[in-house]
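Each chain, letter by letter, is given below.
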Amino acid sequence: MDFQRLGLDVASKNAEFQGRVSLGYYDWDKDAPGTTLDYQRVPLFLGARVLTSLAPQVKLYGQLGLELSFGDKDSFNNTFGKQSDSELNVGITPGIGLLFPISNSFYSAIRFDYHIISDDYAMLGLTLGFNLP
């Protein structure tokens, strides 16, 4: 689940610039002997995006911003068993993608983001987003 874009758009002749706020939710799990280990991450992205049109209904974009990432992860220790740990990570997230406008308010996109934080990870994802007036 990914809630997308809230911000200011500034258009030029060849490119569109957007201020962005994005909140995501990622959930992974892994089977371990006798238990399942869970990992959740809630990244808050504050940044900007530059879009250019490839075709009337396709836009290419690049983005960069600050990420505050709230994470909960389980680990397994033979002495204490399953343990949970919460943490806040701060980093930057560059990304690229293709955006497909559905209407003036809604869009879909395919994107690749690389989260440069204390435990880096990459995400390839599909997005259904909306624009606020």
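Fair warning: this is a prediction, and the values are worked out from it, not measured in the lab.

(A) View of a nonpolar patch on the surface. Residues L64, I92, I96, F100, I110, F112, Y114, I116, L124 and L126 make up a contiguous nonpolar surface patch of about 950 Å² in total accessible area. For the nonpolar patch, the elements supplying multiple residues, two or more each, are β7 (81-101), β8 (106-115) and β9 (121-130). The residue Y114 is located in strand β8 in this model.

(B) Structural context of the side chain of R20. Mapped onto the fold, R20 is located in strand β3 (residues 16-24). Here Q63 takes part through its side chain, which lies 3.0 Å from a polar atom of the side chain of R20.

(C) Quick peek at the pattern of salt bridges. The tally for this structure, following the rule as stated, stands at three salt bridges. A salt bridge links D113 to R111, with the shortest nitrogen-to-oxygen separation between them at 2.9 Å.

(D) Geometry of the environment of L60. Mapped onto the elements of the fold, L60 is located in strand β6 (residues 58-77). By relative accessible area, which is 36% here, L60 ends up partly exposed. In sequence terms L60 and L99 are 39 residues apart; their C-alpha atoms lie 6.3 Å from each other. Ignoring sequence-local partners within four residues, the contact set of L60 consists of V50, L51, T52, L54, G97 and L98.

(E) Broad picture of the environment of D119. Within the secondary structure, D119 is located in the loop between β8 and β9. Apart from the residues within four sequence positions on either side, D119 is in contact with Y39, R41, E87 and N89. Here the side chain of D119 touches Y39 through a polar contact of 3.1 Å, side chain to side chain.

(F) Region of the structure containing the pairing of β9. The side-chain alternation of β9 yields one buried face, formed by Y121, M123, G125, T127 and G129, and one unburied face, formed by A122, L124, L126, L128 and F130. Alignment of β8 against β9, held across ten bridges, turns out to be antiparallel. Among the inter-strand pairings, Y107 is bridged to a residue of β9, identified as G129. Hairpin connection between β8 and β9: a loop of five residues separates the two successive antiparallel strands.

The rules behind these values
Residues numbered from 1 in each chain as written. Predicted model: local features only at pLDDT ≥ 70, side-chain atom pairs only at ≥ 80, totals over all residues. Heavy atoms only, no water. Patch = residues over 30% accessible without salt bridge, like charges linked within 9 Å, V, L, I, M, F, W, Y side chains within 5 Å. Areas by Shrake-Rupley, 256 points an atom, 1.4 Å probe, with all protein chains shown as cover. Salt bridge = Lys/Arg side-chain N within 4 Å of Asp/Glu carboxyl O. Helix = DSSP H or I, 4+ residues; strand = E, 2+ residues; numbered from the N terminus. Polar contact = N/O pair within 3.5 Å; in protein donor to acceptor, adjacent residues only side chain to side chain. Buried < 20%, exposed > 50% of the residue type's maximum accessible area, 1.4 Å probe, protein only. Contact = heavy atoms within 4.5 Å. Pairing = 2+ DSSP bridges.

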